[in-house]
Every structure is written in C-alpha cells, then in structure tokens.
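Per-entry structural report
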Amino acid sequence: MSPALLYFPAYLGLFAAQVLAMACNAFLDIQYGDFGIQVLLWAVAFGITLLLGWRQRGVVGDAGRRGQKWAMILGLLLTFVLFIPIWGIPRAAVLLLAAIQVAYNCVTVTRRHLHLGLLASAVMVMFAASHYRADWTMLFYLVPYVMAVVFTLVAEQINRRVQDLRRQSLSHAVVGGQWAAIVAASTAILLLGGLLYAVTPQSAGPFFGWSYGQPARLGLAGKLKDGGGAAQGSGEAGNGQLYKLASGWMEMRRAAQRVGMPAWQRSAINGLADAGEWLETTFKPTLQGLRDLMQSFKEWLEKNRDTLLKRLAVLAALMLIYGLWRLMREARVGTWLLMHLDYLRFGILALHGPGARGAHQYYAAMERVFDYHDEARPGTRNTREYLAQLGVLHSRLGRETGELTRLFEDARYGAAPPEALQIGRMRSCYRAIYRSF
C-alpha cells in the first residue's frame, strides 16, 4: 500500500503545479481577456478539493468520496455544456482531464495519488506547450511549473525520510533543517537543469530554442529573417548575428503588447528587453572576445575529436559502473540476496547447524530480514532492547519475534544446548517473520 500523504507543503506544491498547468492552457486564449478569471476559477477548484484531501489525514473518508462524486458530476456537466461548445476537441479533452483531477484531489491521501496528480498536470502542460498558439512568453508560467514540481517531489521525499529517521530512533522530536534541506535540494536540481540547458546549442541569447528537432513556436522570440542568408564571410555572419539580436529585442517588446497580456508580465518582458539591450551595448567587446575564444575552442575540438571521444567513452563507462554500484548499494542488493539465501537455506531446506550454532543462525537470519526493511539492529542495543524496538514498529509480529529472541537467549546463555524441538520452533517463527513482508 502506498504511504499516506500527511505533509502539507507537498499538497501546497501540488496545488501550485496544477494551477500553473492550467495557467499555461489558459494562456493560449490570452487575447480574449479572460486569462485571470480562468486561472482564478481553477485555483479555487484545485484549492478546495486539495484542502479536502489533506484534511482526511491519509485515509479516504466519506467526505472525500462525496466531494469526488459531486466534483465529477459537475466536471462532466461543464464538459458537455461549456467546454466542448466553446473550445472544441481536443482542448475540451484537456479541460475534462483538469475537471477529473479536481475530483481526484478529494481523495488524494497517499503518495501514489500525489504522483498521479503531478502526472496529470504534466500532460496538461505538454499539451499547452505543443499548441500552435504557444510562444516563448508562456515560459513565465512553464518555468515556475517546473520549479513547483521539483519542490513537491523533493519535499515529499525529504519528509518521508525524516519520518523514517524519527521512527527508527523512536523519538518524536522534529528533525531540524527540514525546510533548509528541501530548498537546498530543489535549488540544486533546478540549477543543474539550468546548466544542462545552458550548455545545449542555442541560436542566440534572447531565443529559448534552437533550429533542430520538431518545429514549434514555444521558445522562439518570433519569426525572424535570415539576417543576410548564408554568410559569405565572417563579417556577414557577424552582421546577421547582430540583426537577430536586435530583432529579438523588438520581438520581445512586440510580444509584450499583445492583447490580454497581464500588466506584470508586460512590464517584466519590457524590462528583460531593456536589460538585454544594455548588456549587449555595454559588453559588446567582451562578447566579441568570447566569440573568438569559442571559435578557437571549436577548432581545437575538431583537431582532437577522436582522442576526446575515446576519453569520454572511458569516462562514461566509469560513470556507468559507479552509478550501477551506487544503485545496487541504494537498493541494498547484497542484503536482499543474503536474506533470500537465508530463507532458502534455513527456512526451506533447514540446513542449519546443530545446537547453539543453529540458534545463532536463525537469529541472524531474522536480523537480516528486518535490516532489509530498514529496521537494522543498532550495535549499541542488546537483544531485549532490539525486541522492544521491533515491538513498537511491528506489533503484529510480537509473538514470533519474542519467542525467537527468548530461544536465542536460552541457547546463548543457557547451560544446555538447545534441542531439536527448540530449533524447530525458531525455524517456524523465522518463516512467519519472513513471509509477513
């Protein structure tokens, strides 16, 4: 069963992602002047239903089911009365998906529900980004959407890890620095994504796209002329580049004047154009030097291409091996394999040692089962303290763990070695513990 979702910031991040996803779709109709109203209505719908989901505290209740039923009925009604007549297909299908998500929010109480909600928002964003009306100005909503998704996933993961640590230590103290960890991890992921974008080939500074791949308007500052066609020399190429830069700033200002553009976004676009022109004028000599340096670097790359490719292949292989090792370590493949070998050897084939040795083997096999399920026995705790820990976290196995621990202590500290009947009882308890997971 998926873990319960109890962390309010995760709901808050999901709310932001869903609202921004619908903002991207509403932005397609910005020229009609109802952008703000659409976003507000969807924000209210998402907010109310997610609040209902959060208040159920990880368990779907009658209020959630009723809310889901009425939200679904209202969504279907709006689809046939409003969405299809006004927007048509396929836009109405996206709005129907949003309405279904509104209903689903009422029963969003687990981690699986959270991931499905983010998946639905991603589908809505991809539709908006691939629409023929989408252009680079949608990035004002698309970039915050990416930030919201990253924040939501990181917040949920860190909170889940904090809960595990709190559970293992049997303490109710709040682990400090949780918000700092969430912000730091989110920032690191976003900075890495920005770096990867920065190192990909771009046509020019003010354009958020390049000339390869599937053609689309998203990421382009407008339809530009060639700026001199195929360059006949370095001078013509430089003039064409400058023309594209100048055209880009003009296109940005022209985009800011679109009908229905929010005032804050219009001001931000004009500010970006002014800043770009100022930077272009102020740092023109520096930029030219950087272009010359990049040209020299490209020539060096061309001369040493084969050597670099071989070294990069070796580096990639080493990174792959390291990543595989870290993945196996994180997945605890070794512990998993030993746990199953223990069950084959001791649980099925009963190939245990005689007397006290067999008792030690069954107790160690039990420890390995709990170790794999994140309940390892700390080195500072004796068997009784470990039994108390397991009794709190796995009360359903209290009889089996208690009997197996008692038999192990009798074998370890008793005067006489355990008999075959006692070893048989330890085997039965171990098999029950293993099969309970």
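This text goes with the structure placed above it.
Residues numbered from 1 in each chain as written. Predicted model: local features only at pLDDT ≥ 70, side-chain atom pairs only at ≥ 80, totals over all residues. Heavy atoms only, no water.

1. Describing the overall build of the chain
Across its full length, the chain carries 16 helices and zero strands. Sorting the 437 residues of the chain into buried and exposed places 36% on the buried side. Put simply, of all contacts in the chain between residues at least 6 apart along the chain, 72% involve residues at least 24 apart. A total accessible area of about 25,500 Å² is found for the chain, and carbon and sulfur atoms account for 67% of it. (Helix = DSSP H or I, 4+ residues; strand = E, 2+ residues; numbered from the N terminus. Buried < 20%, exposed > 50% of the residue type's maximum accessible area, 1.4 Å probe, protein only. Contact = heavy atoms within 4.5 Å. Areas by Shrake-Rupley, 256 points an atom, 1.4 Å probe, with all protein chains shown as cover.)

2. Regarding the pattern of salt bridges
A side chain with one charge can pair with a side chain of the opposite charge if their charged atoms come near. For the coordinates displayed, the defined rule picks out 13 salt bridges. With a shortest N-O distance of 2.5 Å, D274 and R253 are connected by a salt bridge. Of this pair, D274 sits in helix α9 (residues 263-282) while R253 is found in helix α8 (residues 234-256), placing the two residues 21 residues apart along the sequence. Classification of R253 as partly exposed rests on a relative accessible area of 24%. Of the charged contacts, one joins E409 and R384 as a salt bridge, the two residues approaching to 2.9 Å between their closest N and O atoms. One end of the pair, E409, is in helix α15 (residues 398-413); the other, R384, is in helix α14 (residues 383-393), with 25 residues separating them in the sequence. The class for E409 is buried, based on a relative accessible area of 14%. (Salt bridge = Lys/Arg side-chain N within 4 Å of Asp/Glu carboxyl O.)

3. Brief notes about the packing of aromatic side chains
On inspection of all chains with the given rule, the structure shows 18 aromatic pairs. Centroid distance Y322 to W325: 5.9 Å. Interplanar angle 40 degrees. Geometry classified as tilted. Taken together, the positions of Y322 and W325, both in helix α11 (residues 305-331) and three residues apart, correspond to about one turn of that helix. Exposure remark for W325: the relative accessible area of 46% places this residue in the partly exposed category. By the ring-pair criterion, three or more aromatic residues cluster together here, those being F27, F35, F140, Y141 and W264. Here the basic side chain of R396 rests over the ring of F437, its NZ or CZ set 5.4 Å away from the ring centre. (Phe/Tyr/Trp six-rings, centres within 6.5 Å; stacked < 30°, edge-to-face > 60°. Lys NZ or Arg CZ within 6 Å of the ring centre and 35° of its normal.)

4. Some words on helix α3 (residues 62-87)
Along α3, the sharpest kink reaches roughly 45 degrees, centred on T79. When α3 is considered as a whole, its buried residues turn out to be G64, G67, A71, G75, T79 and F83. On its buried face, α3 sits against α2 (35-55) and α4 (91-105). After α3 finishes, the residue G88 shows a positive phi value of roughly 70 degrees. (Bend = angle between axes of the 7 residues up to and from the residue.)

Function cannot be read off these values alone, since they describe shape.
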